[in-house]
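# Observations on the three-dimensional arrangement
Residues per chain, in single letters:
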Amino acid sequence: MDVFSAMQGLNNVKKFKPDAVDDKLVGVILYMAGQATSAGNMQEWRFIVVKDEKQKERLFTTCLKQSQMKEAPVDIIVCADLKRASTKYEKRGELVYSLQDTAAAIQNMMISAKGLGLGAYWVRAFDEEGVKEIASLPENIRPIAVVAIGYPESMDNSDRFDFDGLTWVEKFGEKYEISYIIQQPGVRRLPKPIGNMIEDAVKKHKGKGKKTSFSKFLEKLSG
Ligand SMILES: Cc1cc2nc3c(=O)[nH]c(=O)nc-3n(C[C@H](O)[C@H](O)[C@H](O)COP(=O)(O)O)c2cc1C
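In this report, the structure presented in the accompanying data block is examined. Note that this is a predicted model, so its numbers are computed, not measured. (Residues numbered from 1 in each chain as written. Predicted model: local features only at pLDDT ≥ 70, side-chain atom pairs only at ≥ 80, totals over all residues. Heavy atoms only, no water.)

### A look at the packing of aromatic side chains
Applying the stated criterion across every chain, the model contains 2 aromatic pairs. With 4.9 Å between their ring centres and 85 degrees between their planes, Tyr89 and Tyr97 make a pair best called edge-to-face. On the basis of an interplanar angle of 55 degrees and a centroid distance of 5.2 Å, the ring pair of Trp168 and Phe172 is categorised as tilted. Residue class for Phe172 comes out exposed when judged on its relative accessible area of 74%. One residue, Arg124, lies across the ring of Phe126, its end atom 4.6 Å from the ring centre. (Phe/Tyr/Trp six-rings, centres within 6.5 Å; stacked < 30°, edge-to-face > 60°. Buried < 20%, exposed > 50% of the residue type's maximum accessible area, 1.4 Å probe, protein only. Lys NZ or Arg CZ within 6 Å of the ring centre and 35° of its normal.)

Rendered as structure tokens:
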């Protein structure tokens, strides 16, 4: 799976299959999490792999009874070592970088899970003290999220905004239009915002049941 297809439609799992996940695959996901970038290369992330049914039941309760926590064969508690973060960057490290760095690691986890044919569910709504107690976390280790991993039974399918409405050039409000015309002899085409072009290409390929290959699409784009 190319990296673009892995990011395209990277949704959370709505329902997991009960099938166990091989530790080797969990290992790959954790390895990729650790490949993420971090401020000053602090790598202050720490991971607790939870597979025990009783522990998962306790996590389920502490995470506001979100079913994915006990349905998924594996829950990974993603933590930040605040002592490490603040040693290097004081409050900024503790309050900002610790969240951004762990989020980058979690995104890697979600992409690599998809690349392995698995799915993930990112949860932040939980009682921190409860999660600390379940995983016996030392004072300086803060639980940032719990990511459930498993084989998807069904996926969320929420849309994403068009980047046209999210992106400005030079200043806020200055519209940033990237449009392309794919030249075809004798065919008069109007420039089209790139976001729409990508979506059209995805729909067309999917419509024909073809595997969407972004590298092919990028080739076309770059003419
Ligand atoms: C930082 C973060 C925290 C989240 N926490 C929760 C959560 O506690 N419970 C939950 O049901 N979903 C949670 N989600 C999942 C989002 O609700 C989900 O991403 C959103 O509904 C869009 O769905 P999709 O990404 O599957 O398309 C979280 C996602 C992120 C990025």
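Alright, that's what it looks like, and here's the rest.
### What about the pattern of salt bridges?
Per the counting criterion, the structure on display carries 11 salt bridges. The salt bridge partner of Lys56 is Glu53, with a shortest N-O separation of 3.4 Å. Of the two residues, Lys56 and Glu53 both sit in helix α3 (residues 53–62), 3 residues apart, roughly one turn of that helix. One salt bridge connects Glu133 with Arg58, and the closest N-O pair in it is separated by 3.4 Å. Taken together, the residues span a long stretch of sequence, with Glu133 in helix α6 (residues 128–134) and Arg58 in helix α3 at a distance of 75 residues. We classify Glu133 as exposed; its relative accessible area is 54%. Classification of Arg58 by relative accessible area gives partly exposed; the value is 36%. (Salt bridge = Lys/Arg side-chain N within 4 Å of Asp/Glu carboxyl O. Helix = DSSP H or I, 4+ residues; strand = E, 2+ residues; numbered from the N terminus.)

### Focus: helix α5 (residues 82–115)
The end-to-end C-alpha distance of α5, which contains 34 residues, comes to just 31 Å, noticeably less than the 50 Å that a straight helix rising 1.5 Å per residue would cover. Of all the bends in α5, the largest measures some 145 degrees and sits at Tyr89. Regarding α5, its N-cap is Asp81, as a side-chain oxygen of that residue lies 3.0 Å from the backbone nitrogen of Lys83 further along. Looking one or two residues beyond α5, the residue adopting positive phi is Gly117, at roughly 80 degrees. (Expected span 1.5 Å × (residues − 1). Bend = angle between axes of the 7 residues up to and from the residue. Polar contact = N/O pair within 3.5 Å; in protein donor to acceptor, adjacent residues only side chain to side chain.)

### Quick notes on the sheet that holds strand β4 (residues 119–123)
In spatial order, the strands read β2-β3-β5-β4; together these 4 strands make up an open sheet with antiparallel pairing. Across the chains shown, the open sheet's two edge strands, defined by having one partner strand only, are β2 (45–50) and β4. Adjacent strand axes in the sheet meet at a mean angle of 25 degrees when their direction is disregarded. Of the strand pairs in this sheet, β4 and strand β5 (residues 141–150) are connected by 5 bridges, and their pairing is antiparallel. (Pairing = 2+ DSSP bridges. Axes fitted to C-alpha atoms, helices over the stretch in contact; angles between N-to-C directions.)

All quantities given are derived from atomic positions and should not be read as evidence of function.
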